[in-house]
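Residue-level structural notes
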Amino acid sequence: MVVGDLVGRRGAWLTDDRSRGIAISARVRLARNLAGESFPDWADEAGRRRVLRMVVEAARASGALPESIFISMDETGDTDARILMERRLISAELADRGPGGGLLLQPDESVALLVNEEDHLRIQVIQPGMDLRGAWERADAVDTALEAILAYAFSSELGYLTACPSNCGTGLRASVMLHLLGLRLTNDLEPVLKALDRLRLAVRGIGGEGSDAAGHMFQVSNQETLGLDEPSIIADLSRVIADVARQEMNARLRIMEDAPHLAEDCVARALAILQNARVLQSEEALDYLSALRLGVELRLLRRLTMAEINELLLATQPGHLRQRMREPLEADERDRLRADFVRERMAAVSLRA
Amino acid sequence: MNCEDCHQQPAVTTVTQNIDGIVRERNLCAACARHTAQKMSSLIDVLFGVEIETPAGGKAIRPEPECDICGMGRGAFKKNHRLGCAECYSVFAHDIAPIIKEMQHGERHVGKIPARERANADRITLESALKRAVREQRFEEAAVLRDRLRDLVPEGAAKGGGDK
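Residues numbered from 1 in each chain as written. Chains lettered and ligands numbered in written order. Predicted model: local features only at pLDDT ≥ 70, side-chain atom pairs only at ≥ 80, totals over all residues. Heavy atoms only, no water.

Bringing the sheet that holds strand E3 (residues 102–105) of chain A into the picture now. All names here are of chain A. With antiparallel pairing, 8 strands are arranged side by side in an open sheet as E2-E3-E4-E5-E1-E8-E10-E9. Edge strands, defined here as strands with exactly one partner in the open sheet, are strand E2 (69–72) and strand E9 (201–204). Strand-to-strand twist across the sheet, computed as the mean angle between neighbouring axes with direction ignored, equals 20 degrees. Strand direction decides the pairing type here: E3 and strand E4 (residues 111–115), joined by 4 bridges, are antiparallel. Paired with leucine 104 across the strands is leucine 113, a residue of E4. (Pairing = 2+ DSSP bridges. Helix = DSSP H or I, 4+ residues; strand = E, 2+ residues; numbered from the N terminus. Axes fitted to C-alpha atoms, helices over the stretch in contact; angles between N-to-C directions.)

Below, the structure written as structure tokens:
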């Protein structure tokens, strides 16, 4: 299987009914390093290759990822790297790593090992919905299988030793992607984001670090990894996420009770643009698809399903579009093709009377 | 004493400079010291390699602390807050402690422990208990401890050797 084969699929975080609604996907990531090896940024190429070999062998021997495919960053072209990033499987840092950078991926994309990103090993589990505990348990099982073979850099005082001290201890970063358009429409989004900040949680846009909140999708994650055990980190974050999801639900209910025309206007405008635009940028597409997502959930639209929106969310991203067209495209040409593609998909959709 | 450069501010540091082989010591204010440092060939060397000390504290030049294992110097760590290897945690402990205090919930790990680390910790505890028991001639207890030690996984290897 090659990266291009992923393009026709929906992605681990968008695969089933649990990815409808406010919590789109849950992700857990464990940072680990091998004892006696320099961390990837500081290691030389031979060292990174050695670590890659050890991790890949351990993964195979442990049976932790039974059907995994291996993708070498060294041999991954721009479009493929871009596709992997858009599917939230790898970071820009891993995409740029070159020799020694690698990805071991279960075919359903739910479990991945990122090798020689910031740390030697990142065990990543992505699931639809907000089941952080389930994601943690899966990551924990993979980790336990791997640690039987690999000797990790570990200290009894600081736990798992990571390239950046901000990840040491458990090395656990958990996050949930939330769709918070209701709170935006009721003007309640800012206080919620501020409260999350006060709780020392990080809030990022859909693209991860450094990205803004395109499509009103926010990734909320823990920042503290030392001084708390894994179940506490997961439980604390889950509680807050459930709270935010409840707030979003209340906002949606309030809109539909007090000012349904606000939601209808937002959805109708988005549909009008997606059905008529001749040039469409990817962020723009994300914003309007986000509005249609709300429209489907509030039953304002006909002949459009959540699965179709989820598919378009990925298909309209630059890398996916380029792969679909099977040729390198200039940005403005891409915007035109994106508009054509979305227009065609939206042709039959209509507002409920 | 006023700064030998700007003659305006009180001198707070002594900077040792090697200019064309001639070593000079100059008493400078903080701003001029910083300025001088920036003019020197390698900022990193100056900021992290050469210790600038107050006149009362002597004028020692200390080499940059460096990790024996991976060779990372403090300057490189300070630049992007990433360490070179696990050993750097000991080498740069003083630089890391405030970062951990600022960013983390606590200063000690309380989460998962890899099986082989757990086994090693158990071994150390059992070995010292065994020694104590033998020394104190509590032989029955010693026999139990010896059996428990034997049941532990071999040193360095992990329990099970391959959980599926």
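Next, the rest of the story.
Let us look at the pattern of salt bridges. Residues and elements named next belong to chain A. Going through the model one piece at a time under the given rule, you end up with 35 salt bridges over all chains. A salt bridge links glutamate 118 to arginine 122, with the shortest nitrogen-to-oxygen separation between them at 3.8 Å. Like glutamate 118, the residue arginine 122 is buried in the burial classification. Taking the shortest distance from any N to any O, the salt bridge between glutamate 248 and arginine 252 comes out at 2.6 Å. With glutamate 248 and arginine 252 both in helix H7 (residues 230–258), this residue pair falls 4 residues apart, about one helical turn. You'll find glutamate 248 and arginine 252 in the same group, each marked buried. (Salt bridge = Lys/Arg side-chain N within 4 Å of Asp/Glu carboxyl O. Buried < 20%, exposed > 50% of the residue type's maximum accessible area, 1.4 Å probe, protein only.)

What follows deals with the interface of chain B and chain A. Taken residue by residue, the interface counts 38 residues in chain B and 46 residues in chain A. Between chain B and chain A, roughly 3300 Å² of surface is buried when both sides are summed, and carbon and sulfur atoms account for 55% of that area. When the area that chain B buries against chain A is broken down by residue, the three leading residues are Arg82, Tyr89 and Lys112 of chain B, summing to 22%. Here chain B is connected to chain A by 5 salt bridges. For the salt bridge of arginine 82 of chain B with glutamate 93 of chain A, the shortest nitrogen-to-oxygen distance reads 2.7 Å. (Contact = heavy atoms within 4.5 Å. Buried area = accessible area lost by both parts, 1.4 Å probe.)

Here we come to the pairing of strand E5 (residues 121–128) of chain A. The two faces of a sheet get side chains in turn, since along a regular strand they alternate between them. All names here are of chain A. Burial of E5 is extensive: 8 of the 8 residues sit out of reach of the surface. In terms of strand pairing, strand E1 (residues 23–32) meets E5 through 8 bridges, oriented antiparallel. Residue pairing in the sheet places alanine 31 in a bridge with arginine 122 of E5. With 5 bridges joining them, E4 and E5 adopt antiparallel strand pairing. Residue alanine 112 lies in a different strand from E5, and its bridge partner there is glutamine 124. Hairpin connection from E4 to E5: 5 residues lie between these consecutive antiparallel strands, with asparagine 116 at a positive phi of about 60 degrees.

Here we take up the environment of leucine 289 of chain A. Residues and elements named next belong to chain A. Examined against the element boundaries, leucine 289 turns out to sit in helix H9 (residues 282–297). By relative accessible area, leucine 289 is classed as buried at 0%. With 143 residues separating them in the primary sequence, leucine 289 and leucine 146 have C-alpha atoms 40 Å apart. Not counting residues within four places of it along the chain, the set of residues in contact with leucine 289 comprises Leu274, Ile309, Leu312, Leu313, Thr316 and Met346.

Let us now look at the confidence of the model for chain B. All names here are of chain B. Averaged over all residues, the pLDDT of chain B equals 75, while 68% of them reach at least 70. Confidence, read as mean pLDDT per element, is least for helix H2 (residues 43–49) in chain B (44) and greatest for helix H4 (residues 88–91) (94). Within the model, pLDDT remains below 50 along residues 40–60, and this stretch shows 38 contacts once partners closer than five positions in the same chain are excluded. With pLDDT under 50 throughout, residues 156–164 is counted as low confidence; its partners more than four residues away or in other chains account for 18 contacts. Per the prediction output, this complex has pTM 0.79; the corresponding ipTM is 0.86. (pLDDT = per-residue confidence, 0-100.)

All names here are of chain A. Direction vectors running N to C along helix H8 (residues 260–276) and H9 enclose 130 degrees, while the axes themselves pass 8 Å from each other. Relative to H9, the element H8 lies oblique. The element H8 and its partner H9 pack so that their crossing is left-handed. Two secondary-structure elements touch here, H8 through Cys266, Val267, Ala270, Leu271, Ile273 and Leu274 and H9 through Tyr288, Leu289, Ala291, Leu292 and Gly295. Class assignment of the residues belonging to the contact of H8 with H9 gives a composition of 10 nonpolar, 1 polar and no charged. (Parallel < 35°, antiparallel > 145°, perpendicular 65-115°, else oblique. Left-handed = near helix turned anticlockwise from the far one by under 90°. Nonpolar A, V, L, I, M, F, W, Y, C, P; charged D, E, K, R; others polar.)

Our next topic: the environment of tyrosine 152 of chain A. Structurally, tyrosine 152 of chain A can be placed in the loop between helix H4 (132–147) and strand E6 (154–155). For tyrosine 152 of chain A, a relative accessible area of 4% corresponds to the buried category. Along the chain, tyrosine 152 of chain A and histidine 120 of chain A lie 32 residues apart, while their C-alpha atoms are 9.8 Å from each other. If near-sequence neighbours (up to four positions away) are discounted, tyrosine 152 of chain A is found in contact with Arg32, Asn33, Leu34, Ala35, Leu121, Ile123, Asp143, Leu146, Glu147 and Tyr160 of chain A together with Glu117 of chain B. At 3.0 Å, the side chain of tyrosine 152 of chain A and the side chain of aspartate 143 of chain A are in polar contact. (Polar contact = N/O pair within 3.5 Å; in protein donor to acceptor, adjacent residues only side chain to side chain.)

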